[in-house]
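# Structural characterization, general
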Amino acid sequence: MKKSILAIFTLGILALCAYGLTARADDSASDDGQFRVMSFNIRLRTTADGDNIWDNRKETLVDVVKQSDPLLLGVQEALPEQMDYLNEALSDYTSIGVGRDDGVRAGECMAIFYKTDALELLDSGTFWLSKTPEKPGKGWDAACNRTVTWGKFRCKKSGKELVYANTHLDHVGTIARKEGAKLVLRRMDELTNHGELPFFISGDFNVNDKSEAYVTITQGLDGIPGLIDTNKVAKEREAAQEYTFHSWGKVQPENGQIIDFIFVNDRVNVEKFKINPLKHTNGRYASDHVSIVATLSLK
């Protein structure tokens, strides 16, 4: 009798565990086809940040990602040692991307992390926002090398294909940002077979929605349709504050701006947009930017 009770109890525990694992997997790509895309400027590792150095906040940052449970995650400013940590800590994901300074590992990486059990990577690449996009280098009046990482994926459950890109526009060069936006649109047009595939791009664009770069990317050019700002069209919206860069809490709310965006083409529905809080529940900043999350579905 005791053995029977123990067997039933054990089976019950196993069933609950299996349910929990299934529910967690379904969270990032639900039965109704909705999934989350997250953009996060994680701030490079530098001793100039004092107590906010990467070593002290990396676990917090991973907690923020896991709580949002995105199907796709785009990070900016990730140095090699940060990529090493994230690849180990985010074990449910596979990453793609290269260092912006040598096309291999050196310098910041605008990496994409994707849920390995839900997506199949069909193709991927990196191009530089410059006049020579196939090799490392600065573009126009940019202060730094700037890249776009992209991946073409197939959803394992539905068989649908999509293209996702991640970038970080220059913080100095006005021309570089505008020309970079044009290059993004042209490459998007190529990668999606002239808009036939769903497309979305995330990133730190280093400007607000009044800038030339933003206007370029949302209005389009040369017969290529502009992209849609998920923050502007989401059916549901949640914002802990109305800005995404906070400089470790130094930015006053009245001076804050949204400079991180997730854009989509017209093959994507935008269900929800969220700006996460400045601080984690443990009271620590995860980065000098907050992450943003868009809940999407494919048409």
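Below: a short report on this structure. All figures in this text were calculated on a predicted structure; none of them were measured in a lab.

What follows concerns the overall build of the chain. Helix and strand content of the chain: 6 helices and 15 strands. The burial tally for the chain puts 51% of its 299 residues in the buried class. Carbon and sulfur atoms make up 51% of the accessible area of the chain, which totals about 13700 Å².

A few words on the packing of aromatic side chains. Using the criterion set out here, one finds 10 aromatic pairs in the structure. Here the aromatic rings of Trp54 and Tyr85 are separated by 6.0 Å at their centres, their planes lie at 85°, and the arrangement is edge-to-face. Note that Trp54 is positioned in helix 2 (residues 54-68) and Tyr85 in helix 3 (residues 80-89), a separation of 31 residues in sequence. We classify Trp54 as buried; its relative accessible area is 3%. Chaining the aromatic ring pairs together yields one cluster made of Phe205, Tyr214, Phe261 and Phe263. Over the ring of Phe127 we find Arg187, and its NZ or CZ is 4.7 Å from the ring centre. The ring of Tyr285 carries the charged tip of Lys279 above its face, separated from the ring centre by 4.9 Å.

With that out of the way, let us pick up helix 2. Here helix 2 is 15 residues long and its end C-alpha atoms lie 20 Å apart, about the 21 Å a rise of 1.5 Å per residue gives. Looking at helix 2, one finds that the buried residues are Trp54, Arg57, Thr60, Leu61, Val62, Val64, Val65 and Ser68. Along its buried surface, helix 2 packs onto strand 1 (35-41), strand 2 (72-76), helix 3 and strand 15 (292-298). Downstream of helix 2 by one or two residues, Asp69 has phi in the positive range, about 50°.

For the rest of this paragraph, the subject is the sheet that holds strand 13 (residues 260-264). Sheet architecture is open: 6 strands sit in the order 5-6-7-8-13-11, paired in mixed fashion. Looking at the sheet topology across the chains shown, the edges are occupied by strand 5 (119-128) and strand 11 (228-229). Where strand 6 (residues 147-155) meets strand 7 (residues 161-168), 7 bridges bridge the pair, whose relative direction is antiparallel. Along strand 7, the bridge assignment pairs Val148 with Thr167. Each of strand 5, strand 6, strand 7 and strand 8 (199-204) touches helix 4 (residues 174-191); the most contacted strand, strand 5, lies at about 145° to it.

Following the sequence through the fold, Arg43 ends up in the loop between strand 1 and helix 2. In this structure the side chain of Arg43 is engaged in a polar contact, spanning 2.9 Å, whose partner is the side chain of Asp49. Ignoring sequence-local partners within four residues, the contact set of Arg43 consists of Asp49, Trp54, Arg57, Gln76, Glu77, Gln82, Trp248, Ser287 and Asp288.

Another aspect to go through is unusual backbone geometry. Backbone geometry places Asn206, a non-glycine residue, at a positive phi of 60°. For Asn206, a relative accessible area of 23% puts it in the partly exposed group. The backbone of Ser247 sits at a positive phi, close to 50°, despite the residue not being glycine. For Ser247, the location among the structural elements is in the loop between strand 12 (236-239) and strand 13.

Counted under the stated rule, the structure contains 22 salt bridges. Across the salt bridge formed by Arg105 and Asp84, the nearest N and O atoms sit 2.7 Å from each other. Linking Arg105 in the loop between strand 3 (93-96) and strand 4 (112-115) with Asp84 in helix 3, this pair joins segments that are 21 residues apart in sequence. For Arg105, a relative accessible area of 45% puts it in the partly exposed group.

Reading the values: the criteria
Residues numbered from 1 in each chain as written. Predicted model: local features only at pLDDT ≥ 70, side-chain atom pairs only at ≥ 80, totals over all residues. Heavy atoms only, no water. Helix = DSSP H or I, 4+ residues; strand = E, 2+ residues; numbered from the N terminus. Buried < 20%, exposed > 50% of the residue type's maximum accessible area, 1.4 Å probe, protein only. Areas by Shrake-Rupley, 256 points an atom, 1.4 Å probe, with all protein chains shown as cover. Phe/Tyr/Trp six-rings, centres within 6.5 Å; stacked < 30°, edge-to-face > 60°. Lys NZ or Arg CZ within 6 Å of the ring centre and 35° of its normal. Expected span 1.5 Å × (residues − 1). Contact = heavy atoms within 4.5 Å. Pairing = 2+ DSSP bridges. Axes fitted to C-alpha atoms, helices over the stretch in contact; angles between N-to-C directions. Polar contact = N/O pair within 3.5 Å; in protein donor to acceptor, adjacent residues only side chain to side chain. Salt bridge = Lys/Arg side-chain N within 4 Å of Asp/Glu carboxyl O.

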